[in-house]
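# Understanding the architecture of this molecule
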Amino acid sequence: MEDEVDRLVAAWRRERPDLDVEPLEVLSRVSRLARHLDRARRLAFAEHSLEPWEFDVLTSLRRAGAPYQLSPGQLLTQTLVTSGTMTNRIDRLAKKGLVERLPDPSDRRGVLVRLTGEGRDRADQALAGLLAQERAILGELSEGQRLELAGLLRQLTAPFDNVPS
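As annotated in an unreviewed UniProt entry, the protein carries the name Transcriptional regulator, MarR family and is attributed to Actinacidiphila rubida.

On to helix H6 (residues 117–137). In an α-helix, one turn spans 3.6 residues; hence positions three or four apart end up facing the same way. Taking 1.5 Å of rise per residue, 21 residues should cover 30 Å, and H6 covers 30 Å from first to last C-alpha, within 8% of that figure. Residues of H6 that are buried include every one of Gly-119, Arg-122, Ala-123, Ala-126, Gly-129 and Leu-130, and no others. The arc that holds every buried residue of H6, seen down its axis, measures 135°, which confines them to one face. The exposed set on the far side of H6, more than 90 degrees from its buried face, consists of Gly-117 and Arg-135. In the core, the buried residues of H6 are packed alongside helix H2 (22–46), helix H3 (52–63) and strand E3 (107–115).

Taken together, the side chains of Val-26, Leu-27, Val-30, Leu-33, Ile-137, Leu-138, Leu-149, Leu-153 and Leu-156 make up a nonpolar region of the molecular surface, amounting to roughly 680 Å² of accessible area. Per element, the largest residue contribution to the nonpolar patch is four residues, and it comes from H2. Looking at the element boundaries, Leu-27 is found in helix H2.

Quick notes on the rules
Residues numbered from 1 in each chain as written. Predicted model: local features only at pLDDT ≥ 70, side-chain atom pairs only at ≥ 80, totals over all residues. Heavy atoms only, no water. Helix = DSSP H or I, 4+ residues; strand = E, 2+ residues; numbered from the N terminus. Expected span 1.5 Å × (residues − 1). Buried < 20%, exposed > 50% of the residue type's maximum accessible area, 1.4 Å probe, protein only. Arc of directions from axis to C-beta. Contact = heavy atoms within 4.5 Å. Patch = residues over 30% accessible without salt bridge, like charges linked within 9 Å, V, L, I, M, F, W, Y side chains within 5 Å. Areas by Shrake-Rupley, 256 points an atom, 1.4 Å probe, with all protein chains shown as cover. Salt bridge = Lys/Arg side-chain N within 4 Å of Asp/Glu carboxyl O.

Structure representation (structure tokens):
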């Protein structure tokens, strides 16, 4: 089965035979897949009236376990945004009733961000929708192929995830 990347690589080999274009065989497919995944994520989240960034914050809180709360600093670490961006996001989610700010009992100047019942429900529903979309994308692969692919991708992404900030 030929795909668009095969055609792109063939064209580059024809036009630039002096270059080794082999990385395109893998990374152009990863890039194209990322665009398809982004569309699937947006669709899954839109069905639950959430933006991707809202899902990221809500699910960070949901994964924290009961009582589903984190400090703004912990949310920064998990979502990789600036403090100003996170403040804005927390404000917007609080206005929608999806999170609430609480005083941090261990730091008089600090706050904790807690998921509300509505926020938890929306996060859970959107996650279920996302997983259905992702299962469909992976549907052509056997369980063994999915495990192998996950391992190979982990080898590529781990060095980026383990860089000190």
